[in-house]
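# Residue-level structure breakdown
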Amino acid sequence: MVKRIYNFNPGPAALPTAVLEEIQESFLDFAGTGMSITEVSHRSKQFDEVINDAVERARRLLGIGDDYRVLFIQGGASLQFAMVPMNLLPEGRSADYVNTGTWSTKAIKEAEILGKTFRVPASSEDKNFSYIPKNIDFDENAVYVHLTSNNTIKGTQWAEFPDTKGVPIVCDMSSDIMSRPIDMSRFGLIYAGAQKNIGPAGVCMVIIRNDMLEKADDSLPSMLKYKTYASKNSLYNTPPCFAIYVVQLVLKWLEETMGGLARMDEINRKKAAMLYNLLDTSDFYTGTAEPDSRSLMNVTFRLPNEELEKKFVQEAAQNDLGGLKGHRSVGGCRASIYNATTLDAVETLVDFMKTFEGKNG
Ligand SMILES: *Cc1c(COP(=O)(O)O)cnc(C)c1O
């Protein structure tokens, strides 16, 4: 029997066990080819089916039609920090960037390096990014508003997206894509590194609306241009075939086993509620995000002191509960409870936390 632990890693993160088993099962002989998915041509009929199925499933899950393109690009979300302004923000125009944490700050830095014009109409840096700003005065002439939907490190999330006066939202959804239904009409572009919620590291899903794509810069190097990926179905050069294959299987699992995003959202809310209820009723654990800004994906909390936090993470690991250390930049503890983290895993964690408090509180 293979031993698997309860995995609360922030990213790369847990994948559905059923998906890992399917990969294992098909690994030596993929789709009757007598070859592994890692050995077949990206120009083969079999791989075409993989990438097309992944795109179709993403469309169905998010409820989007032909007015958007679904692309697969390497370089992670971090490359998108640069590709977005390179492609979409022309000289003489401005964009709005809301700063809600480490990843937003990095997105802003890339726009700055490129010498682009932008504003930061709101930031939660004054309170260590513990909340999502409200009543933001957006520039109605901006080309886009850049948001980070879920702040993986600080444990905050936009519960609802703000009114941007009709300006399309460009959104880094790396850590909450496919975790809940969204109103796609608000978004001009969504990008998400796969390794948190939809697959392994190595590929980033980019969903771009046709009007944004048409206006995108044509003069960039081929590999940095959205148009290159859109015109070649993400097959201009060799794509990360294995990563795309796993994304396809995760999306199939979401659709067929979990029953879609509304159902997934219900389960995610239940998981998060169990942890936040514990934080709210305990004098031992303290949540770090303001209650109305709490993330359903990354639950960040502190214990009475750093020594206890270290002990907590260690003892949790001894009890097969892994990945609970907070990000190195903020300390404390963090439970990442993405789609693939089960209710059972969260129940086990809550039980452990109560026991730990009983012994150390
Ligand atoms: C992890 C993460 C990133 C960085 O992703 P890479 O794929 O490592 O570049 C960016 N944004 C958010 C919200 C993340 O959680």
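Below, the structure is looked at part by part. Since the structure is predicted, the reported quantities are computational estimates derived from the model, not experimental observations. (Residues numbered from 1 in each chain as written. Predicted model: local features only at pLDDT ≥ 70, side-chain atom pairs only at ≥ 80, totals over all residues. Heavy atoms only, no water.)

### A closer look at the overall build of the chain
Counting secondary structure elements, the chain contains 10 helices and 14 strands. By the compact-globule yardstick of 21 Å for 361 residues, the chain fits well, its C-alpha radius of gyration being 21 Å. Along the first, second and third principal axes, the C-alpha atoms of the chain reach 60 × 55 × 30 Å. Counting only residues that meet the buried cut, the chain has 56% of its 361 residues in that class. Sequence-distant contacts, at least 24 apart, represent 68% of the contacts inside the chain between residues at least 6 apart. Of the roughly 15,900 Å² of accessible surface on the chain, a fraction of 48% belongs to carbon and sulfur atoms. Counting 39 positive and 46 negative side-chain charges, the chain places the averaged centre of each group 2 Å from the other. (Helix = DSSP H or I, 4+ residues; strand = E, 2+ residues; numbered from the N terminus. Rg over C-alpha atoms; globule rule 2.2 N^0.38 Å. Buried < 20%, exposed > 50% of the residue type's maximum accessible area, 1.4 Å probe, protein only. Contact = heavy atoms within 4.5 Å. Areas by Shrake-Rupley, 256 points an atom, 1.4 Å probe, with all protein chains shown as cover. Lys, Arg positive; Asp, Glu negative; His and termini not counted. Charge placed at Lys NZ, Arg CZ, Asp CG, Glu CD.)

### Comments concerning the sheet that holds strand β14 (residues 333-336)
Across a sheet, paired strands are connected by hydrogen bonds in the backbone, their directions being either parallel or antiparallel. Strand order across the open sheet formed by three strands is β11-β12-β14, with antiparallel pairing between neighbours. The sheet is open, and its two borders are formed by β11 (286-287) and β14, each paired with just one other strand. Relative to β14, strand β12 (residues 298-302) is paired through four bridges, and the arrangement is antiparallel. From the neighbouring strand, phenylalanine 301 faces β14, where its bridge partner is cysteine 333. (Pairing = 2+ DSSP bridges.)

### Comments concerning the site of the ligand
Near the ligand there are 13 residues, and of these Ser78, Thr152, Asp172, Gln195 and Lys196 occur at the shortest range. In this structure, an oxygen atom belonging to the ligand sits 2.5 Å away from a side-chain N or O atom of threonine 152. One nitrogen or oxygen atom from the side chain of glutamine 195 is found 3.0 Å from an oxygen atom belonging to the ligand. Look at the ligand: alone it shows 390 Å² of surface, and the protein chains cover 87% of it. (Near = heavy atom within 4 Å. Polar contact = N/O pair within 3.5 Å; in protein donor to acceptor, adjacent residues only side chain to side chain.)

### Brief notes about the side chain of threonine 156
Here threonine 156 shows up in strand β7 (residues 156-157). Taking relative accessible area as the criterion, threonine 156 reaches 0% and is therefore assigned buried. Excluding residues that lie within four positions of it along the chain, threonine 156 makes contacts with Thr100, Phe129, Ser130, Tyr131, Ile132, Ser149, Asn150, Asn151, Ala289, Ser293, Arg294 and Ser295.

### Looking at the environment of proline 16
Here proline 16 lies in the loop between β1 (6-7) and α1 (17-26). Residues proline 16 and valine 145 lie 129 residues apart in sequence; the distance between their C-alpha atoms is 33 Å.

### Structural notes on the pairing of strand β10 (residues 204-209)
Within β10, six of the six residues are buried, leaving the element largely enclosed by the surrounding structure. Side chains Cys204, Val206 and Ile208 of β10 all project onto a buried face; the interleaved residues Met205, Ile207 and Arg209 project onto the opposite face, where all are buried too. For strand β2 (residues 68-73) and β10, the ladder comprises six bridges, and the chain directions are antiparallel. Counterpart to phenylalanine 72 in the pairing with β10 is methionine 205. Where strand β9 (residues 187-193) meets β10, five bridges bridge the pair, whose relative direction is antiparallel. Pairing of isoleucine 190 across the sheet is with isoleucine 207, part of β10.

### Comments concerning the packing of aromatic side chains
The full count for this structure, using the stated rule, is 16 aromatic pairs. Aromatic side chains phenylalanine 27 and phenylalanine 242 sit 6.2 Å apart centroid to centroid with 90° between the ring planes, which places their arrangement in the edge-to-face category. Of the two residues, phenylalanine 27 sits in the loop between α1 and α2 (45-62) while phenylalanine 242 sits in helix α7 (residues 241-257), which places them 215 residues apart along the sequence. In this structure phenylalanine 27 comes out as partly exposed when scored by relative accessible area, which is 31%. On the basis of an interplanar angle of 85° and a centroid distance of 5.3 Å, the ring pair of phenylalanine 312 and phenylalanine 356 is categorised as edge-to-face. Note that phenylalanine 312 is positioned in helix α9 (residues 306-318) and phenylalanine 356 in helix α10 (residues 343-360), a separation of 44 residues in sequence. We note that phenylalanine 312, like phenylalanine 356, is buried. (Phe/Tyr/Trp six-rings, centres within 6.5 Å; stacked < 30°, edge-to-face > 60°.)

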